[in-house]
Amino acid sequence: MSDKSLSSRLERMMGALAALTHRRPWQALLLAAVMTALGTWFAGSLTLNADLVGLLPKSFPSVQDLDKLRKRFGGQGYVVVIGMGAETETLKRFADDMAPRFAQLSEIRYVHYQRPRAFFEEHALYYVDVPDLKALQDRLEARITWEKEQANPLVVRLEDTPPPPVDFSDIEKKYTGGAQQRLASGEDIYYVDPQERMVLLMLKPKGSSADLNYAKQVVGQVQDFLTKEDLSKYGPGFRTEISGTFKKKIDHQDVITTDLARASSIAMVLLVLYLVFHFRSGWSVAFTMLPVLAGLSWTYGFVGAFYGKVNLLTGFLGAVLGGLGVEHGIHLLGRYTTLRAEGHASNDAVRETFRHTGFSAFIAALVAALTFLSLSISEFAAFHEFGIIAAVGMLVSVFSYVLILPALLGLASRWGWTPREHAASAGPLAAMARWLPRSYRVVGGVIAVALVVLISQSGRIGFNYDMSKMEDKSLASVQLDLRVNKILGYSQTPVVVLTDSQEMEREVVQKLEERKKERGKDTTIDFVGALVDLVPKQQEEKRTILNSIRERLEKLDAERLPEDVRANFARALRMTRAEPFQREQLPENIRREFEGLEGQKDAGGVVLVYAAINLADGAGTRRFAKEVRGMKLSDGSQVSAAGEALIIADILEMVSQEGPRILAAAVLSVLAAMWVTLGRLRTALICMLPTLLSIAGLVGLMGVLGIEFNYLNLVVLPVLVGTTVDAGVHLIQRLSEPDSDFISVYAETGRAILGGLLTSAIGFLSLAIARHPGLNSIGNVANLGFGVNVLIVLLGFPALLLMVERWRRKHGTAPVAVKEP
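Quantities reported herein were computed from a predicted structural model and do not represent experimental measurements.

J.: Explain the overall build of the protein residue by residue, including any values.
T.: In terms of helices and strands, the protein carries 28 helices and 12 strands. For the protein, the proportion of its 821 residues judged to be buried stands at 56%. Across the protein, the fraction of contacts at a sequence separation of at least 24, relative to all contacts at a separation of at least 6, is 82%. Accessible area of the protein: about 35,000 Å², with a carbon and sulfur share of 57%.

Shown next, in the form of structure tokens:
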């Protein structure tokens, strides 16, 4: 069986199926109603999960490491309670009052609200290595000897020698940046900012912020507690706010949920308004929209049955699929209207419409489905699920039209309804059809020059790795979070290396410090902390040295020392009195940051790695990931840090690598499908030409406008391949029909093509007005692509067809099926 006979049989099959549902409308509509009820029931269980962490396969090491981290260490991040609008002492009183009470909440492990500065200052000399401690002892000894000689009237100096310096800045500088110093550094032991008039309390929940229901539970518990408290005792202007990882995830989820509801509603309203304008008939609007709504219920019923949730991208597919589905209705109903105006009976008009235009719609839907399926090869779940669901949605939309539209038209014709006639020879597209054959050289030349200029700028486009631009920065919790990090002086969410012993813990710290030193100023590591590192080695040997220093210092009269020496003397004397300590003596608020859910002894070791870069910077995060991963230990094993930041790094790496492969798969799958269904490779290539030129023009236009690709809007390129290729199919198929002429075909089909592209753009327009910047970028890029495609498919492509037709006539070859008036 040849490809040509296959396409002919498919055409006849679609025409016959449509005619059957036209003759038996009640049976068809009953079947559609049952399927819609089932789809609605399954879709009712859907939930939205906007957490990026769940978008990588479970097989990824970073995902497995994060699962282990959550089981042993709990969730990352805090619920941060912020007291604001009072004087410093009042803010401290609020922190002292609330910290022990917050710690009693059922979902809070502990509360961190004071820096352990006193403990680490008192024990600072225990963090100095023995050789440096001896050097410090020698310097003090030299100065003490000099001071004694100065005080002895029997000692006569032949030279006026300066006193030995008591400057230990070189030794202090050597140990600057250690975890004990960074965790305790700050102007105040409280996390307070007098200028901002705010104080922080860091509440550590028992669960993970990745579980949105749990995040809502713990934040709700904290909010309920604050609501019941009488905060007026802290002053009339005092108030509290909540920020931190848990609150930010809830707020982002709320933004996306709101965007989803608003975008879907706006898209449906705009689609209806456009259809009213396009058809000038309420019945025609209903005939177009009912199959779309039914198809969406079937599609999301499939999603509910097989996935149970939608993600950041698939949640908005309803608006997008609605616009793409309406495009089929515009072509089908437009063709039916024309045939009825030519005197065909309703049943014959339906058969003819679905035999040709319906077959073109099927090809377009099949091509779009294959294009979307190219996304399913991605390991990034947002793309993978988007591809599968969109492919199902495209095929379902055509089936819903074959099942429902002929049945509705059958009932309407029995009740005496006749479609509103649109004259093919009237309207702006008819005028353009008469103008193009006279001006096709100029039009083709202008479009060609514009495309060359745009394509030459495509090299300017880049990939934006900055994840902060994918978040809604206007959220109060996001803005507060930046202020929180500034007060803390380091990131709230370090990445974590899980270890099995103190020896392993110590070796990991050593490896990370070596990597940090090797990279110098280019390192992405701020500092590394571990309990084994916070409990210094050789404490007994150090205590012997410190006792010796203390004995010498105690014999001095501090009042007789110079003023510059006296301050250092008192500080040194205080530090030499410190006793050795073990991890049990560390301040509880610091110790618990390094302990697992069941306590340090049960859970093993933990090394915290704090980033020196903003983890919202995707490029920096990728460098950070390379620096903290793949550490080979002395026993031959390999360990890596775990954390949500590393998940983000993997997502960015994956998307940037998979993008070209997905686009190539989309183009090749479309070409193969069109070659099989249309029967000829040349016809398939001609139909694809407007889409390929549109993609090239879009990339160049993005370069000119300074718009970059990101991990979300990269999906637009394969989507445009599948959603714009049907314009070329409809135009070529209609021009190939017997007795067709350019003006009537262009006026009728061009109007449907324009309407289809506009309705497709409406679906993405709902994303362009979303608050979420990542979804907003998808809508903007998609609508730029549709705009470029409108110019090419309605001006450039017809001009090219006319140019080729004239050339073939001039050289006596067969025409391309462009019959001019």
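J.: Tell me about the nonpolar core, and name the residues and values.
T.: L200, F372 and M674 are the most contacted members of the largest nonpolar core, which totals 199 residues. By residue number, the principal contributor to this core is helix α14 (residues 381-414), which donates 20 residues. Leaving out residues up to four positions away in the same chain, F372 has contacts with L324, F386, G387, A390, A391, M394, V719 and T723.

J.: Tell me about the sheet that holds strand β9 (residues 525-530), residues and numbers included.
T.: Taken in spatial order, the three strands line up as β8-β10-β9 in an open sheet, and their pairing is antiparallel. Looking along the sheet, the strands with just one partner apiece sit at the ends: β8 (495-499) and β9. The mean angle between the axes of side-by-side strands here comes to 20 degrees, regardless of whether they run parallel or antiparallel. Both β9 and strand β10 (residues 605-611) contribute to a ladder of five bridges, which runs antiparallel. Bridging across to β10, A530 finds its partner in V607. Sitting on the sheet, helix α3 (residues 61-73) touches β8 and β10, and the angle it makes with β8 is about 75 degrees.

J.: Explain unusual backbone geometry to me, and be specific about the residues and the numbers.
T.: A positive phi angle, close to 55 degrees, is found at R197, a residue other than glycine. In this structure, R197 sits in the loop between β4 (192-193) and β5 (198-205). Judged by relative accessible area, R197 falls into the partly exposed class, the value being 34%. Despite not being glycine, R280 has its phi angle at roughly 60 degrees, a positive value. Tracing the backbone through its elements, the reader meets R280 in the loop between α10 (245-279) and α11 (282-306). Of the residues examined, R280 reaches a relative accessible area of 44% and is grouped as partly exposed.

J.: I'd love a proper account of the pattern of salt bridges, names of residues and values included.
T.: Two side chains of opposite charge can pair, provided their charged atoms sit close to one another. Tallied over the entire structure, the rule returns 14 salt bridges. One salt bridge in this structure joins K248 and D481, with 3.0 Å as the shortest N-O distance. Residue K248 is located in helix α10, and its partner D481 is located in helix α16 (residues 476-488); the two are separated by 233 residues in the primary sequence. Both residues of the pair, K248 and D481, count as buried. Of the charged contacts, one joins R519 and E627 as a salt bridge, the two residues approaching to 3.9 Å between their closest N and O atoms. Of this pair, R519 sits in helix α17 (residues 502-519) while E627 sits in helix α23 (residues 618-628), placing them 108 residues apart in sequence. Through salt bridges with shared partners, a single ionic network connects E89, K92 and D188.

J.: Mind laying out the environment of L66, listing which residues take part and the relevant values?
T.: In this structure, L66 sits in helix α3. A relative accessible area of 2% places L66 in the buried class. Between the C-alpha atom of L66 and that of I647, which follows or precedes it by 581 residues, the distance is 8.5 Å.

J.: Any details on the packing of aromatic side chains? Residues and values, ideally.
T.: By convention here, two paired aromatic rings are described through the distance between centres and the angle between planes. This model, assessed by the stated rule, comprises 21 aromatic pairs. Between the aromatic rings of W298 and F399, the centroid separation amounts to 6.0 Å while the plane-to-plane angle is 50 degrees, which identifies the pairing as tilted. Of this pair, W298 sits in helix α11 while F399 sits in helix α14; the two residues are 101 residues apart in sequence, bridging distant segments of the chain. Judged by relative accessible area, which is 9%, W298 ranks as buried. Taken together, the ring pairs connect F119, F120, Y126, Y127 and F581 into an aromatic cluster. The side chain of K204 reaches across the aromatic face of Y78, ending 4.8 Å from its centre.

J.: Which residues make up the packing of helix α12 (residues 317-341) against helix α27 (residues 742-768), and what values go with them?
T.: Two elements in contact, α12 and α27, have axes separated by 7 Å at closest approach and are oriented at 165 degrees. The angle between α12 and α27 places the two elements in the roughly antiparallel class. Classified by chirality, the crossing of α27 by α12 is right-handed. Of the residues in the contact of α12 with α27, the class split is 10 nonpolar, 11 polar and three charged.

J.: Before we move on, can you summarise the pairing of strand β2 (residues 79-84) with the specific residues and values?
T.: Here is the key point about a regular strand: its side chains alternate between the two faces of the sheet. Among the six residues in β2, six count as buried, and that is most of the element. Neither face of β2 is exposed, since V79, V81 and G83 on one face and V80, I82 and M84 on the opposite face are all buried. Where β2 meets β5, six bridges bridge the pair, whose relative direction is antiparallel. Each bridged residue has a counterpart across the sheet, and for M84 the counterpart in β5 is M198. Direction of pairing for β2 relative to strand β6 (residues 239-243): antiparallel, over a ladder of five bridges.

J.: Break down the side chain of S477 for me, citing the residues and quoting the values.
T.: Counting through the fold element by element, S477 comes out in helix α16. The class for S477 is buried, based on a relative accessible area of 2%. In contact with S477, other than residues within four places in its own chain, are I242, S243, K247, K248 and D251.

Cut-offs applied
Residues numbered from 1 in each chain as written. Predicted model: local features only at pLDDT ≥ 70, side-chain atom pairs only at ≥ 80, totals over all residues. Heavy atoms only, no water. Helix = DSSP H or I, 4+ residues; strand = E, 2+ residues; numbered from the N terminus. Buried < 20%, exposed > 50% of the residue type's maximum accessible area, 1.4 Å probe, protein only. Contact = heavy atoms within 4.5 Å. Areas by Shrake-Rupley, 256 points an atom, 1.4 Å probe, with all protein chains shown as cover. Core = buried A, V, L, I, M, F, W, Y, C linked by side-chain atoms within 4.5 Å. Pairing = 2+ DSSP bridges. Axes fitted to C-alpha atoms, helices over the stretch in contact; angles between N-to-C directions. Salt bridge = Lys/Arg side-chain N within 4 Å of Asp/Glu carboxyl O. Phe/Tyr/Trp six-rings, centres within 6.5 Å; stacked < 30°, edge-to-face > 60°. Lys NZ or Arg CZ within 6 Å of the ring centre and 35° of its normal. Parallel < 35°, antiparallel > 145°, perpendicular 65-115°, else oblique. Left-handed = near helix turned anticlockwise from the far one by under 90°. Nonpolar A, V, L, I, M, F, W, Y, C, P; charged D, E, K, R; others polar.

Without other data, these values stay purely geometric and don't point to any function.
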